[in-house]
Amino acid sequence: MSEVWLIVIACVAVVVSAAMPLLRDRGTPPPPRKETLRDWRNGD
């Protein structure tokens, strides 16, 4: 049973460490996106 708990704790640690950057930057606005490709739908 202790091996199961180690695996569960390891999975939770991986999920939390992956989610930390997403949760930490929540209050800051996203950086402005640069236009990299011409919008071909408008015909310009």
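Residues numbered from 1 in each chain as written. Predicted model: local features only at pLDDT ≥ 70, side-chain atom pairs only at ≥ 80, totals over all residues. Heavy atoms only, no water.

Q: Give me the overall build of the protein: which residues, what numbers.
A: Counting its secondary structure elements, the protein contains one helix and zero strands. Looking at the protein as a whole, 0% of its 44 residues qualify as buried. Element-wise, carbon and sulfur atoms account for 67% of the exposed surface of the protein, whose accessible area totals about 4800 Å². (Helix = DSSP H or I, 4+ residues; strand = E, 2+ residues; numbered from the N terminus. Buried < 20%, exposed > 50% of the residue type's maximum accessible area, 1.4 Å probe, protein only. Areas by Shrake-Rupley, 256 points an atom, 1.4 Å probe, with all protein chains shown as cover.)

Q: Help me get a handle on a nonpolar patch on the surface, residues and values and all.
A: Together, Met-1, Val-4, Trp-5, Val-8, Ile-9, Val-12, Val-16 and Met-20 line one region of the surface with nonpolar side chains, adding up to about 800 Å² of accessible area. Within the secondary structure, Val-4 sits in helix H1 (residues 2-24). Judged by its relative accessible area of 45%, Val-4 is partly exposed. (Patch = residues over 30% accessible without salt bridge, like charges linked within 9 Å, V, L, I, M, F, W, Y side chains within 5 Å. Salt bridge = Lys/Arg side-chain N within 4 Å of Asp/Glu carboxyl O.)

Q: Describe H1, listing the residues and the values that go with them.
A: Helix length check: H1 (23 residues) gives 32 Å between terminal C-alpha atoms against 33 Å at 1.5 Å per residue, within 8%. At Ala-18, H1 shows its largest bend, some 30°, and a proline, Pro-21, comes one to four positions later. (Expected span 1.5 Å × (residues − 1). Bend = angle between axes of the 7 residues up to and from the residue.)

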